[in-house]
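So you can see what is in the structure, the chains are spelled out below.
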Amino acid sequence: MMHKPAIVVVAFNREHSLKRLLLSISNATYTTKDIPLIISIDHANDNQQVKVLADNFNWPYGIKKVIYQKKNLGLRKHILQCGAHAVTYDSVIILEDDLFVSPNFYEFTSAALEFSADKSYISGISLYSHQFNVHSRSNFSPLIDGYDNWYFQFASSWGQAWTKNQWLLFMTWYNKQESLTPNASLPANVTRWSDKSWLKYFIAYLVESDTYFLYPRTSYSTNFSDMGTHIGKDTTTFQVPLDFGNNIQYRFSNLQESNSIYDVFYENKKLHNYLNVPKKQLCIDLYGKKEIQKSSRYIITDNILNYKIIKTFGRSLKPHDANIIHEIPGEDIFLYDCQKAQINPYKFNTYRKIMYSIKSLNRWEAKIVLFKRIEEMWYNTLTKLGL
């Protein structure tokens with residue numbers, strides 16, 4: 001059965017954001033006219049114009065339903081309520097109001113949901129494709145392996161979809177949780193996220209259940225990060241290129257054949273295949289955000305550690321895991337044997353790592369960035385001091 005997911009738009013008090021999202025939805029490609037559209041608006045004292053906009057929006061592709069919450073739910077409860085529509089409609093696409101979608105978003109998501117329906121290792125579909133590691137605040141790109149998808153043990157909040165079964169399995173787990181406590185299996189910043197976050201629970205669920213979100217190679221949603229309740233100012237940090245092509249044939253990999261599988265720390269889970277070390281004894285820490293476990297005899301990282309160096313790699317190819325796969329020579333990345341102490345003679349090349357990420361920055365641009373960062377640091381410090 002071909003999935004025809006309901007589209008659920010999550011709105012609050014950003015009228016201009018909702019208008020922009022609805023315009024992109026209306027300009028998308030649909031091959032049927034029985035697609036439910038639900039616009040769910042959380043309660044606020046100043047968002048009546050948002051409701052007017054939703055009521056007046058024309059949706060010619062199926063039924064449209066506007067839900068205005070009687071009381072303020074907050075983001076976490078609101079998303080969980082919206083996700084529950086997967087039970088009613090068999091599958092659902094969730095879009096928050098600061099997103100913008102590709103014309104092909106619905107066709108891609110329908111195909112991905114269909115592909116994932118009988119695969120227990122897939123717990124959701126992302127429309128967004130990351131190019132930024134939110135833990136290390138650095139660039140990220142998944143390895144290109146010839147398929148239209150990759151796998152990530154990190155749930156998506158910038159355009160996501162679930163089948164009924166995927167949602168019910170998560171909620172069965174979620175209803176047994178009380179709170180998330182820091183542990184080595186989760187990035188420290190994730191457990192520190194506000195209790196208003198639903199996302200951190202779904203991320204913890206993926207790790208605990210050893211399942212994944214299927215991500216697209218090319219993004220079908222992008223994030224404007226408009227100023228709002230949880231965002232102090234708008235930013236282009238999370239903007240990514242969208243798919244505007246006409247090709248709607250998708251070639252998905254299963255977990256066994258994919259070489260583009262990433263854990264919750266944005267680390268490629270298949271690198272052990274290229275290092276000739278046991279998977280269970282290897283800690284992959286190219287972003288430097290993991291704790292070394294007692295079970296990890298080997299670690300591959302760019303950190304300068306005083307262990308025996310088995311092999312070194314350069315940092316030239318992109319993404320950085322490609323340097324290991326293709327054995328690029330250099331002294332930027334190290335494979336260590338943690339059972340053997342040894343003084344490391346190398347020095348960390350900070351400048352080389354920076355230029356690897358940003359390609360180029362002229363003097364004038366560097367000056368502007370420097371002064372802007374100093375200004376932001378002072379502002380944040382003064383704000384914390386209440387001045």
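Residues numbered from 1 in each chain as written. Predicted model: local features only at pLDDT ≥ 70, side-chain atom pairs only at ≥ 80, totals over all residues. Heavy atoms only, no water.

### Some remarks on the packing of aromatic side chains
Moving on, step 1. A full pass over the atoms with the stated rule returns 48 aromatic pairs.
Moving on, step 2. Their ring planes at 35° and their centres at 4.8 Å tell us that Trp 150 and Tyr 215 sit as a pair that is tilted. Pair noted here: Trp 150 is in strand E9 (residues 149-152) and Tyr 215 is in strand E11 (residues 212-216), with a separation of 65 residues, a long-range link. The two residues Trp 150 and Tyr 215 agree in class, both being buried.
Moving on, step 3. On the basis of an interplanar angle of 80° and a centroid distance of 5.9 Å, the ring pair of Trp 162 and Trp 198 is categorised as edge-to-face. Taken together, the residues Trp 162 in strand E10 (residues 160-163) and Trp 198 in the loop between helix H7 (188-192) and helix H8 (199-209) connect sequence positions 36 residues apart.
Moving on, step 4. Among the residues examined, Trp 162 registers a relative accessible area of 0% and is labelled buried.
Moving on, step 5. Look at Trp 198 and you get buried, because its relative accessible area is 3%. (Phe/Tyr/Trp six-rings, centres within 6.5 Å; stacked < 30°, edge-to-face > 60°. Helix = DSSP H or I, 4+ residues; strand = E, 2+ residues; numbered from the N terminus. Buried < 20%, exposed > 50% of the residue type's maximum accessible area, 1.4 Å probe, protein only.)

### What about unusual backbone geometry?
Moving on, step 1. Between Lys 318 and Pro 319 the backbone carries a cis peptide bond, its omega angle lying at 0°.
Moving on, step 2. The backbone phi angle of Asp 210 is positive, close to 55°, even though this residue is not glycine.
Moving on, step 3. Positionally, Asp 210 belongs in the loop between H8 and E11.
Moving on, step 4. Taking the relative accessible area as the measure of exposure, Asp 210 reaches 47% and is therefore partly exposed.

### Side note on the nonpolar core
Moving on, step 1. One finds Ile 7, Ile 25, Tyr 30, Leu 95, Phe 105, Phe 202 and Ile 300 to be the most contacted residues of the largest nonpolar core, which totals 102 residues.
Moving on, step 2. Not counting the four nearest positions on each side in its chain, Leu 95 is found in contact with Ile 7, Val 8, Val 9, Val 10, Leu 21, Ile 25, Val 101, Phe 105, Leu 127 and Gly 159.
Moving on, step 3. By size, the runner-up hydrophobic cluster in this structure holds six residues, among which are Cys 283, Ile 299, Tyr 336 and Cys 338. (Core = buried A, V, L, I, M, F, W, Y, C linked by side-chain atoms within 4.5 Å. Contact = heavy atoms within 4.5 Å.)

### Things to note about a nonpolar patch on the surface
Moving on, step 1. Nonpolar side chains collect at one region of the surface, where Leu 370, Phe 371, Ile 374, Trp 378, Leu 382, Leu 385 and Leu 387 lie side by side and expose about 790 Å² of accessible area between them.
Moving on, step 2. Given the relative accessible area of 36%, Ile 374 is considered partly exposed. (Patch = residues over 30% accessible without salt bridge, like charges linked within 9 Å, V, L, I, M, F, W, Y side chains within 5 Å. Areas by Shrake-Rupley, 256 points an atom, 1.4 Å probe, with all protein chains shown as cover. Salt bridge = Lys/Arg side-chain N within 4 Å of Asp/Glu carboxyl O.)

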